[in-house]
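Spelled out, the chains give:
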Amino acid sequence: MDGDRVEIDGGIMEGGGQILRVSTALSCVLGLPLRVRRIRAGRSQPGLRPQHLSGLEIVRDLCDGKLNGGEIGSTEITFTPGKIKGGTHIADTKTAGSVCLLMQVAMPCVLFAASPSELHLKGGTNAEMAPQIDYTVMVFKPIVEKFNFTFNCDIKRRGYYPQGGGEVVVQMSPVKELSPINLTERGTVTKIYGRAFVAGALPIKLAKDMSAAAVRCIRREIRDLYINIQPVREPDDKAVGTGSGIIIVAETSTGCLLAGSSLGKRGKNADKVGIEAAEMLLQNLKHGGTVDDSLQDQLIIFMALAKGVSRVRSGPITLHTQTAIHFAEQLTKAKFTVTKSEEEDPSNDTYIIECQGMGMINPNL
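Per an unreviewed UniProt entry, the protein chain is named RNA 3'-terminal phosphate cyclase, and its organism is Acrocephalus arundinaceus. The annotation that UniProt attaches to the protein chain under Sequence similarities (unreviewed entry) is "Belongs to the RNA 3'-terminal cyclase family. Type 1 subfamily." Under the heading Catalytic activity (unreviewed entry), UniProt records this for the protein chain: "a 3'-end 3'-phospho-ribonucleotide-RNA + ATP = a 3'-end 2',3'-cyclophospho-ribonucleotide-RNA + AMP + diphosphate".

This is the structure:
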């Protein structure tokens, strides 16, 4: 068996948990046994952290697979997938590890399951170094559903750093195959909206300050659009712990969604949080792509599995995206090309990511 294992070097390129997520999800979908060595080799704490381990365990459970080396700090795992069966599954990081990253690894697997799935994902809903759950619902969901599937994401409880304690329930039905996407026309920005939230011990004034600072910042660049960033206090029965943050989404005439977000933390001024998110959004609008920097790499695995040619116009290619492409090509036989876009407007720094998908057919349906 070991002769047929795909060998993955977890220390190259982006060198983080993303390599693990992309390669184990694809291993599960394609039925390829996998060995990943040098997991997170360059990180200050190498090896598996709680959220990476929870991600591996949910994929193992989804397909009755075998996982060796699955413990905190482990720098090498082997994984042998079985049949993806659907049903109800629970993954709990027991920390503020991101539920959105658990969703990233599980979602491609349950699309190719034998029956519908319900995933109970527990941990941090609004965590550093990961998409916030609001981003997943407001931006990722409507765009990724263009691959011709739908899912439901119910935020039961929000959880923040350091204790986590959030829970989201994701419901999904399997598909026969994925359709390719074509996201090449940006269009013009038609509306800007978002939410600035506080939870726990923090006053609503903080949310209002974040919102107002973000609006002022955007107004300097975009004068003629109504900007609606709602200040929200999360209900106490729907949030564990104390947290704050903001997400701002720009919607365009062609249905593109681009965002900027930021999280509050102790000692960080509310205005600064709002301005950070606004500047991130403006940065994403400036390059002229149809997806923002956070979505770019999250689409790669779906492009690789889809049947036909997908095309996405993006800003400068991130290291996360280069990494996702590298491992998607290694595992799926999909072919990616990235070309600099010939623009009329020389200030635009855009690229076309094109993928001839492998056309994965669900063997369980």
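Here we take up helix α2 (residues 50–62). An ideal rise of 1.5 Å per residue puts 18 Å on 13 residues; α2 measures up with 18 Å between its terminal C-alpha atoms. For α2, the full list of buried residues reads Gln51, His52, Leu53, Ser54, Gly55, Leu56, Ile58, Val59 and Leu62. At its buried positions, α2 is contacted by α1 (17–30), β3 (66–68), β4 (77–80), β5 (87–92), α3 (99–111) and β6 (117–123). Asp64 occupies a position one or two residues after α2 and carries a positive phi of about 50 degrees.

A word on the domain arrangement of the protein chain. When cut into domains, the protein chain gives domain 1 (4–176 + 315–325) and domain 2 (187–285). For domain 1 and domain 2, the distance between their C-alpha centres works out to 27 Å. Each partner contributes residues to the interface: domain 1 has 19 residues there, and domain 2 has 23 residues. With both chains or domains summed, domain 1 and domain 2 bury close to 1,600 Å², and 62% of this area falls on carbon and sulfur atoms. The largest per-residue losses of area from domain 1 upon contact with domain 2 belong to Gln132, Met138 and Tyr160, which jointly make up 36% of the total buried on that side. Taken together, the links from domain 1 to domain 2 amount to 3 salt bridges. Residue Glu234 pairs with Arg158 through a salt bridge whose shortest N-O separation is 3.2 Å. Where domain 1 meets domain 2, there are 5 residue pairs in polar contact (both at pLDDT 80 or more).

The next point concerns the packing of α2 against α3. In the contact formed by α2 and α3, the axes pass within 9 Å of each other and the chain directions differ by 20 degrees. Taken as axis vectors, α2 and α3 run roughly parallel relative to one another. The element α2 and its partner α3 pack so that their crossing is right-handed. From α2, Gln51, Ser54, Gly55, Ile58, Val59 and Leu62 reach across to α3, where they touch Leu101, Leu102, Val105, Ala106, Cys109 and Val110. Looking at the contact of α2 with α3, its residues break down into 9 nonpolar, 3 polar and no charged.

Inspection of the secondary structure puts Val29 in helix α1. Separated by 80 residues in sequence, Val29 and Cys109 place their C-alpha atoms 5.5 Å apart. In this structure, Val29 is in contact with Ile84, Pro108, Cys109, Phe112, Leu305 and Met360, ignoring residues within four places of it in sequence.

Glancing now at the nonpolar core. Counting residues in each nonpolar core, the largest one holds 82 residues, and the members touching the most others are Phe149 and Leu299. Top contributing element to this core by residue count: α3, with 10 residues. Two domains each provide a minimum of three residues to this core, namely domain 1 (4–176 + 315–325) and domain 2 (187–285). Residues in contact with Phe149, not counting those within four places in the same chain, are Met107, Leu111, Val144, Met172, Val175, Leu178 and Phe302. Ala207, Ile218, Val273 and Ala277 belong to the second largest nonpolar core, which has 24 residues in total.

Pairing is mixed in the open sheet, where 4 strands are placed in the order β11-β10-β13-β14. A strand with exactly one partner marks an edge of an open sheet, and here the two such strands are β11 (227–233) and β14 (257–263). Across this sheet, the average inter-strand angle for adjacent strands is 15 degrees, counted without regard to direction. Direction of pairing for strand β10 (residues 189–199) relative to β11: parallel, over a ladder of 7 bridges. Note on β11: the bridge partner recorded for Val198 is Arg233. This element, helix α5 (residues 204–219), spans β10, β11 and β13 (243–252) of the sheet and lies at about 165 degrees to β11. Along the sheet, helix α6 (residues 270–286) makes contact with β10, β13 and β14, crossing β14 at roughly 155 degrees.

Turning to the packing of aromatic side chains, a few remarks are in order. A complete count under the given rule lists 6 aromatic pairs for this structure. Ring centres of Phe140 and Phe302 lie 6.4 Å apart, and the angle between their planes is 50 degrees; on these two criteria the pair is classed as tilted. Remark: Phe302 occurs in helix α8 (residues 300–305) and Phe140 occurs in helix α4 (residues 133–144); sequence separation between them is 162 residues. With respect to burial, Phe140 and Phe302 carry one shared label: buried. Here the aromatic cluster, defined as three or more aromatic residues joined through ring pairs, consists of Phe140, Phe147, Phe149, Phe151 and Phe302. Above the ring of Tyr351, the side-chain terminus of Lys340 is found at 5.2 Å from the ring centroid.

Rules used throughout
- Residues numbered from 1 in each chain as written.
- Predicted model: local features only at pLDDT ≥ 70, side-chain atom pairs only at ≥ 80, totals over all residues.
- Heavy atoms only, no water.
- UniProt positions renumbered as here; feature names shortened; annotations may be inferred.
- Helix = DSSP H or I, 4+ residues; strand = E, 2+ residues; numbered from the N terminus.
- Expected span 1.5 Å × (residues − 1).
- Buried < 20%, exposed > 50% of the residue type's maximum accessible area, 1.4 Å probe, protein only.
- Contact = heavy atoms within 4.5 Å.
- Domains from an automatic or database assignment.
- Buried area = accessible area lost by both parts, 1.4 Å probe.
- Salt bridge = Lys/Arg side-chain N within 4 Å of Asp/Glu carboxyl O.
- Polar contact = N/O pair within 3.5 Å; in protein donor to acceptor, adjacent residues only side chain to side chain.
- Axes fitted to C-alpha atoms, helices over the stretch in contact; angles between N-to-C directions.
- Parallel < 35°, antiparallel > 145°, perpendicular 65-115°, else oblique.
- Left-handed = near helix turned anticlockwise from the far one by under 90°.
- Nonpolar A, V, L, I, M, F, W, Y, C, P; charged D, E, K, R; others polar.
- Core = buried A, V, L, I, M, F, W, Y, C linked by side-chain atoms within 4.5 Å.
- Pairing = 2+ DSSP bridges.
- Phe/Tyr/Trp six-rings, centres within 6.5 Å; stacked < 30°, edge-to-face > 60°.
- Lys NZ or Arg CZ within 6 Å of the ring centre and 35° of its normal.

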